[in-house]
Amino acid sequence: MYLEKKNNMVLEDFFIDNTLNLNWDFILKLPHFRDMENTMQNPRWHSEGNALEHTRLVCKHALGFMEEDTEKNLHDKRLFMLSALFHDVGKPKTTFKGEKDGNWHSYGHENVGSKLAREMLWDWPLYDREYIVHMVKWHMEPLFFERAKKPRDVVDKITKTLPYYDIYRLKMCDLEGAIQEPSCSTKEEDRKILERFLIIGEELNNISWLNMFKIGESPYGCSGSLPKFVDDAVEVNVMIGLPGSGKNTFIENTLIHKMDNPVVLSRDDIRVELGYCSADEKIVGTNKQENKVTKIFNERLLEAIENNRPVILNNINLSAKRRKELKGFLGGKKIRWNYWYIEAPTFKDNIKRRKGQIPENVFYNMVQNFEFPEHNEYHSLWVVKQN
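Summary of the structure given here. Please read these numbers as outputs of a predicted model, since none were measured by experiment.

What about the overall build of the protein chain?
And step 1. Scanning the protein chain from N- to C-terminus turns up 17 helices and eight strands.
And step 2. What you see for the protein chain is a C-alpha radius of gyration of 23 Å, in line with the 21 Å of a compact globule of 387 residues.
And step 3. Along the first, second and third principal axes, the C-alpha set of the protein chain runs to 65 × 50 × 45 Å.
And step 4. The buried share of the protein chain, reckoned over its 387 residues, is 50%.
And step 5. Accessible surface, the protein chain: about 19000 Å² in total, of which carbon and sulfur atoms supply 48%.
And step 6. For the protein chain, the centre of its 56 positive side-chain charges and the centre of its 58 negative side-chain charges are spaced 4 Å apart.

Have a look at this one:
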């Protein structure tokens, strides 16, 4: 894992001097890209060869788009180039040969690739990292969005996160960077599908929430797309961040003072109350112990909601599944969901702050499984910059 190796690569490492030309000598020193050279592809759709050769062709088309772009600055053009570079980085881990059809498949490579990109770029500025991560995550959608029950909703979801023209151009580069066998080529129809995606994106004209994080004072944030409730909704503030990110400090110094008589709930605090560990320890108990912690946590949460007291949920809340479970548990209640995402200055700071409390491998697993909140999870998302 790159974080294990304390990788300090920066954006400039990927490019030759002050240009848009990728530095392949540097790139091929990175194992995930080197592995792509030995990653086979179905020749029906990729007769150009392995995944690395395909990526080189995609990047060539991306360079053409960026050289013609008169609106993006150099930095944003480079982020687009890196999205093209990373778009199939998940293929080495997902590619297999089908037993029945004998063809190469890489199902889910976009999801695996997005997680690898986040891991590799963890210490980069939030916007830069999450732009690349989400471009990788959704680079297949513009071609397949019409298969959904509500295709327009798919475009709406994507373009509330990413500029619609960027994800369209990335998929166009992906398409043109694939050499399909003439007998089964679908490029003409695929281009029409991408044009229909582009038309809907233009009609929606959404503002990417990621753009909200390019500028502004900390904490800074944006509105989500959950249905709005009336003024009597109870505020539930969900803290999100690795251990050692500074959640406790932010709550004590800032957040708690913004509310009237808030209830702060933490599974760590309940474990200490029950005598499962000391205040200086960070542990996860047995199944029986954790079930008891959950029972107390839920009882206190419901009590606070029923008494119309604002709540601060001071756990890591890294997975979308866990956050969804919280909403399910409070289903039917009038809640305003405020998310507060906090990162330490560097990953090393997280480990240092919890040294002796949490094993390093646990941190690595957390980064690999972290899911950044999507706009349809919250009413407001706030990002806190740490110094």
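Okay, back to it.
Quick notes on helix H10 (residues 164-176)
And step 1. With 13 residues, H10 extends 18 Å between its outermost C-alpha atoms, agreeing within 8% with the 18 Å of an ideal straight helix rising 1.5 Å per residue.
And step 2. Counting buried positions over the 13 residues of H10 gives ten, a clear majority of the element.

Some words on unusual backbone geometry
And step 1. In this structure, Asn 205 is a non-glycine residue whose phi angle is positive, near 50°.
And step 2. When you line up the elements, Asn 205 lands in the loop between helix H11 (187-204) and strand S3 (220-223).
And step 3. On the basis of relative accessible area, Asn 205 is assigned to the exposed category, the value being 54%.
And step 4. In the Ramachandran plot, Asn 317 falls in the positive-phi region, its phi being about 50° despite a non-glycine side chain.
And step 5. Summarising the element assignment, Asn 317 is placed in the loop between strand S6 (311-313) and helix H15 (320-329).

Section: H11
And step 1. With 18 residues, H11 extends 26 Å from end C-alpha to end C-alpha; this agrees with the ideal 26 Å at 1.5 Å per step.
And step 2. Those residues of H11 that sit buried are Lys 187, Asp 190, Ile 193, Leu 194, Phe 197, Leu 198, Ile 200 and Gly 201. With its buried residues spanning 165° around the axis, H11 presents them on a single face.
And step 3. In this structure, the buried residues of H11 make contact with helix H8 (141-144), helix H9 (151-159) and H10.
And step 4. Just beyond H11, the residue with positive phi is Asn 205, at close to 50°.

Thoughts on the pairing of strand S8 (residues 380-384)
Side-chain positions along a regular strand alternate between the two faces of the sheet.
And step 1. Judged by how many residues are buried, S8 sits mostly within the fold: four of five residues are covered.
And step 2. Of the pairings in the sheet, the one linking strand S7 (residues 335-342) to S8 comprises five bridges and is parallel in character. Bridging across to S8, Tyr 341 finds its partner in Val 383.

Some points on the packing of aromatic side chains
And step 1. If you walk through the whole model with that rule in mind, you get 17 aromatic pairs.
And step 2. When the centroid spacing of 5.2 Å and the interplanar angle of 85° are considered together, the rings of Phe 14 and Phe 26 count as edge-to-face. With Phe 14 in the segment before helix H1 (24-27) and Phe 26 in helix H1, this residue pair connects regions lying twelve residues apart in the sequence. Neither residue differs from the other here; Phe 14 and Phe 26 are each classed as buried.

Cut-off values and rules
- Each residue is numbered by its place in its chain's sequence as written, counting from 1.
- Two thresholds apply to this predicted model, a pLDDT of at least 70 for residue-level local features and 80 or more for giving and counting side-chain atom pairs, whereas whole-chain, interface and lining totals are computed over all residues.
- Just so you know, side-chain values use all the structure's heavy atoms and leave hydrogens and water out.
- A run of H or I in DSSP becomes a helix once it reaches four residues, and a run of E becomes a strand once it reaches two; helices and strands are each numbered from the N terminus.
- Radius of gyration here uses only the C-alpha atoms, and the compact-globule reference equals 2.2 Å multiplied by the residue count raised to the power 0.38.
- For the exposure calls, accessible area comes from a 1.4 Å probe over protein chains only, and a residue counts as buried if that area is under 20% of its type's maximum, exposed if over 50%, partly exposed in between.
- Computed with the Shrake-Rupley method and a 1.4 Å probe, the accessible areas treat only the protein chains shown as cover for residues.
- By the counting rule applied here, Lys and Arg register as positive and Asp and Glu as negative, while His and the ends of each chain are not counted.
- Working definition for charges: the position is that of NZ of Lys, CZ of Arg, CG of Asp or CD of Glu.
- Here, expected helix span is obtained from the residue count minus one, scaled by 1.5 Å.
- Directions are taken from the helix axis to each C-beta atom, and the arc is the one they span.
- Pairs of residues are marked as contacts when any of their non-hydrogen atoms sit within 4.5 Å.
- A pair of strands is treated as paired once DSSP finds two or more bridges between them.
- Between the rings of Phe, Tyr and Trp (Trp by its six-membered ring), a pair exists once the centres lie within 6.5 Å; its type follows the angle of the planes, with under 30 degrees stacked, over 60 edge-to-face, and the other angles tilted.

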